[in-house]
Amino acid sequence: MRDLDLKTLRLWVAVCDCQNISQAAAQAHIEPSAVSKRLSALEATLGTPLLLRGRRGVQPTPAGLALLEHARTVLFTIDRISADAAAFAGGLRGQVRLVASASAVAQSLLDDVAAFMAAAEHQGIQVQIEERLSTEVARWVRDSQAAIGVCWDRADLGGLATLPYHPDELVLALPPGHALARDGSRGALHFADVLDHPQVGLPPATAVYAMLQRAAAQAGRTLNYRAVVSNFDAALRVVKAGLGVTVIPRQVARPLAEAGALVLRPLADPWARRRFAVCFRGREQLAPAALRLVEHLAARAVSACSPEAA
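Reading the values: the criteria
Residues numbered from 1 in each chain as written. Predicted model: local features only at pLDDT ≥ 70, side-chain atom pairs only at ≥ 80, totals over all residues. Heavy atoms only, no water. Phe/Tyr/Trp six-rings, centres within 6.5 Å; stacked < 30°, edge-to-face > 60°. Helix = DSSP H or I, 4+ residues; strand = E, 2+ residues; numbered from the N terminus. Buried < 20%, exposed > 50% of the residue type's maximum accessible area, 1.4 Å probe, protein only. Lys NZ or Arg CZ within 6 Å of the ring centre and 35° of its normal. Axes fitted to C-alpha atoms, helices over the stretch in contact; angles between N-to-C directions. Parallel < 35°, antiparallel > 145°, perpendicular 65-115°, else oblique. Left-handed = near helix turned anticlockwise from the far one by under 90°. Contact = heavy atoms within 4.5 Å. Core = buried A, V, L, I, M, F, W, Y, C linked by side-chain atoms within 4.5 Å.

Peer 1: Explain the packing of aromatic side chains to me, using residue names and the numbers behind them.
Peer 2: Applying the stated criterion to the full structure yields two aromatic pairs. Ring geometry for Phe191 versus Trp271: centroids 5.6 Å apart, planes at 85°, classification edge-to-face. Placement of the pair is Phe191 in the loop between β6 (161-174) and β7 (199-201) and Trp271 in the loop between β10 (263-266) and β11 (273-280), with a sequence separation of 80 residues. Each of the two residues, Phe191 as well as Trp271, counts as buried. With centroids separated by 5.8 Å and ring planes inclined at 10°, the aromatic side chains of Tyr209 and Tyr225 adopt a geometry described as stacked. Pair noted here: Tyr209 is in helix α7 (residues 207-218) and Tyr225 is in strand β8 (residues 225-228), with a separation of 16 residues, a long-range link. Judged by relative accessible area, which is 23%, Tyr225 ranks as partly exposed. Sitting above the plane of the Trp152 ring, Arg274 keeps its charged end 5.3 Å from the centroid.

Listed below in structure tokens is the structure:
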């Protein structure tokens, strides 16, 4: 089979989107007969019909739908190649896809990315951030669905390059009137001492859920969930309403605690202090824009941990 050319693939996508050859031809500024000729040649090359033609337009056949999916992927990749190649001519440019866990997004990641994009030399760089579970973050980076990942460093990061990112502390968030929130009881406590109280938890697929289940099992206990919610904000709202307590990153709960709406108590358990990691497939596999962002995130983490930042 001879190679497929990109112009024909772009026309194919346009025809499928418009469901009309004439409209697709007008968008491409060529004659409809030229589009029809290219599509006929494409069908001959692939050896199967790709379009069902009717009075109201055209529809892709099952084979045509499969081609459409692959064509979109190929054209997206080509566009990314063009954007990344531009980084070598007249200033750094490109698109960077970053996936991160909810904990990382809720803390310092957005501020760090905003500082990166605000720099004059990065005005040509676009950063797309998507929130995923820690287990998904590593998989997305391995599968090249994202260039960079940020997640808990105890996730399975095998096969990936990593750099240390910001530390993270899990604390217990309580409503002000709770028995564990009394003024004389603000020191660190063990998670096992919290298990008698109703919990507000996150979904089972999250890293925090698995960690707390493991800690309860090691104490020979089970978690008593009053509610399971989808994110940190929802968990804090339920706690604020006095319906339970929750284990949550300190930075996430700090604004409500400073406003007096919640009381935070540190946990004495070693697992309550953890660190995030920046993961990627390798420096040599990163586009220039992605490499620049990796270096920026690592530098921000070092700066935050320096004595001057304390």
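Peer 1: A description of the packing of helix α1 (residues 6-18) against helix α2 (residues 21-28) should follow, citing residues and the corresponding values.
Peer 2: Helix-helix packing: each pair is described by the crossing angle between the helix axes and the interaxial distance. Contact pair α1 / α2: the axes reach a minimum separation of 8 Å and the direction vectors enclose 130°. With respect to α2, the axis of α1 lies oblique. You can see that α1 and α2 cross each other, and the crossing is right-handed. Listed contacts from α2 to Leu11, Ala14, Val15 and Cys18 of α1 are Ile21, Gln23, Ala24, Gln27 and Ala28.

Peer 1: Go over the nonpolar core with me, naming the residues and quoting the values.
Peer 2: By size, the foremost hydrophobic cluster in this structure holds 37 residues, and its most contacted members are Leu172, Phe191, Ile248 and Trp271. When residues of this core are traced back to their parent elements, those giving at least two are β6, α7, α8 (232-240), β9 (246-249), α9 (250-258) and β10. Setting aside residues no more than four positions away along its own chain, Phe191 makes contact with Gln199, Leu212, Ala215, Ala216, Leu223, Val247, Leu267, Asp269 and Trp271. Counting residues in hydrophobic clusters, the runner-up holds 24 residues, among them Ala104, Leu109, Val127 and Val278.

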